[in-house]
Amino acid sequence: MFNIYCDESCHLENDHQKVMTLGALKVNHTYRRIFNKDIIKIKQKFGISSKTEIKWTKVSPSRLDFYKAIIDYFFENPQLSFRVIVAQKEGLSHERFNQDHDDWYYKMYYLLLNYLIEPSDTYNIYLDIKDTIGKYKKETLKDILRKKIGDPTGEIISNIQLVRSDEVHLLQVTDLLIGAIGYYHRNLATSTAKLELVEYVKHKSGSTLDSTNYDDKFNIFIWGPSYRGIRQ
C-alpha cells in the first residue's frame, strides 16, 4: 500500500499564470509516520515549531538552510519519490476538444497519477483542502481514476481524502517542490532565497528542470498543447 500526497499551483483558469504545476509525493504506507516524525525533528533542529507549515511562499533568507535540509531529506531518502506535471496554460483550445477548463484539469491530474500507479498495489491519495469545491473535486478525480485504470471496486484506488496541509508534513514537502519548479517555469526572480533554493533543487536532482525526464525519484513531465499522449 502506498500514500500519494498531491498539491497544485496556478491551476485556476483566469489567474493570469502561464503554467500550472501539479505534484505528487509517493511513499510506502508503512513509512509515513516515520517520515513525518523525521520532518518534525528537522524543524526542531532549526528552532522551528512542529506546527509551522513548510510552504514555498514562506521561503526566506533566514530559513534558507532549513528549507535546504528538507530538500536534502527528500533526495537522500530512497523511500520517497516525486512526480510533477508542468502544464502550459497558454494556447489551450478547450472548445476544439469539447471540454472546459475543469475537464482539462482532471486530464492533467490523471496524467500525473497514472504514471505512479501500479495495478498490483493499493493507493491512498491525499489532496490539500484549498477551496469550497474540494469535495466535488475529490469525488470527480476518484471516479475518473477508477474508470481510466479499470478499478470499479476500489481495489487499487482505495481512498482519496482531503486533508489540511498544516497537519500533514509530507504534503508540505510536495508544496515546497512544486513551488520551486513553478517559480522556475514562471521565470520569477522576486526573492534571492527562492532563486538559491531553485538552484539547490537543480543541484540535488541533477536536472535543469527544463525538460521531461524518466527518473523514478524526481520525475518531471513538461506538457504543452501539442502533446499527443493525452488530448487537451
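Look up: the structure comes first, before these words.
Small disclaimer: the values here were computed from a predicted structure and weren't measured.

Reading the values: the criteria
- Residues numbered from 1 in each chain as written.
- Predicted model: local features only at pLDDT ≥ 70, side-chain atom pairs only at ≥ 80, totals over all residues.
- Heavy atoms only, no water.
- Helix = DSSP H or I, 4+ residues; strand = E, 2+ residues; numbered from the N terminus.
- Buried < 20%, exposed > 50% of the residue type's maximum accessible area, 1.4 Å probe, protein only.
- Contact = heavy atoms within 4.5 Å.
- Areas by Shrake-Rupley, 256 points an atom, 1.4 Å probe, with all protein chains shown as cover.
- Salt bridge = Lys/Arg side-chain N within 4 Å of Asp/Glu carboxyl O.
- Pairing = 2+ DSSP bridges.
- Axes fitted to C-alpha atoms, helices over the stretch in contact; angles between N-to-C directions.
- Parallel < 35°, antiparallel > 145°, perpendicular 65-115°, else oblique.
- Nonpolar A, V, L, I, M, F, W, Y, C, P; charged D, E, K, R; others polar.
- Expected span 1.5 Å × (residues − 1).
- Core = buried A, V, L, I, M, F, W, Y, C linked by side-chain atoms within 4.5 Å.

Visitor: Could you give an account of the overall build of the chain, naming the residues involved and the relevant values?
Guide: Each helix and strand counted, the chain has 6 helices and 6 strands in total. The helix and strand sequence of the chain, counted from the amino end, reads β-β-α-α-β-α-β-α-β-α-α-β. The buried share of the chain, reckoned over its 232 residues, is 55%. Contacts spanning at least 24 positions in sequence make up 73% of the contacts within the chain whose residues lie at least 6 apart. By element, 47% of the accessible surface of the chain is carried by carbon and sulfur atoms, the whole surface being about 11400 Å².

Visitor: Can you lay out the pattern of salt bridges for me, pointing to particular residues and giving the numbers?
Guide: For the structure shown, the criterion picks out 10 salt bridges. A single network of salt bridges, built from pairs that share partners, joins D72, E76 and K204.

Visitor: Can you tell me about the environment of Q172, naming the residues and giving the values?
Guide: Of note, Q172 is situated in helix α5 (residues 169-185). Apart from residues no more than four positions distant in its own chain, Q172 is found in contact with K43, T52, E53, I54, S165, D166 and E167.

Visitor: So, the pairing of strand β2 (residues 19-28): which residues are in play, and what are the values?
Guide: Most of β2 sits out of view: 10 of its 10 residues are buried. With burial as the criterion, each face of β2 is covered, one bearing V19, T21, G23, L25 and V27 and the other bearing M20, L22, A24, K26 and N28. Pairing analysis gives 8 bridges linking strand β1 (residues 2-9) to β2, with the strands arranged antiparallel. Opposite S9, over in β2, you have T21 as the bridge partner. Inspection of the sheet shows β2 paired to strand β3 (residues 80-88) by 9 bridges, in the antiparallel sense.

Visitor: Now, about the pairing of β1: what can you tell me, with residues and values included?
Guide: Of all 8 residues in β1, 8 are buried, a share of seventy percent or more. Neither face of β1 is left uncovered, since the one carrying F2, I4, C6 and E8 and the one carrying N3, Y5, D7 and S9 both have all their residues buried. As paired strands, β1 and strand β4 (residues 123-128) are joined by 5 bridges and run parallel to one another. The residue bridging C6 from the neighbouring strand is L127, located in β4.

Visitor: I'd love a proper account of the packing of helix α1 (residues 32-45) against α5, names of residues and values included.
Guide: Where α1 meets α5, the closest approach of the two axes is 8 Å, and the angle between their N-to-C directions is 70°. Taken as axis vectors, α1 and α5 run roughly perpendicular relative to one another. For the pair α1 and α5, contact is made by R32, F35, N36, I39, I40 and K43 and by H169, L170, Q172 and V173, respectively. For the contact of α1 with α5, the class distribution of residues is 5 nonpolar, 3 polar and 2 charged.

Visitor: Outline helix α2 (residues 64-76), supporting the account with residue identities and numerical values.
Guide: Between its terminal C-alpha atoms α2 stretches 18 Å, which fits the 18 Å expected from 13 residues at 1.5 Å a residue. For α2, the buried fraction is high: 11 of the 13 residues fall into the buried class. On its buried face, α2 sits against β2, α1, β3, α5, α6 (192-205) and β6 (218-223).

Visitor: How would you explain unusual backbone geometry if you had to name every residue and give the values?
Guide: Phi at N187 takes a positive value of approximately 55°, unusual for a residue other than glycine. Within the secondary structure layout, N187 lies in the loop between α5 and α6.

Visitor: Tell me what's going on with the nonpolar core, and back it up with residues and numbers.
Guide: F82, L176, L197 and F218 are the most contacted members of the largest nonpolar core, which has 44 residues in total. Secondary structure elements with two or more residues in this core: β2, α1, α2, β3, α5, α6 and β6. In this structure, I4, L22, Y106 and L112 belong to the second largest nonpolar core, which totals 29 residues.

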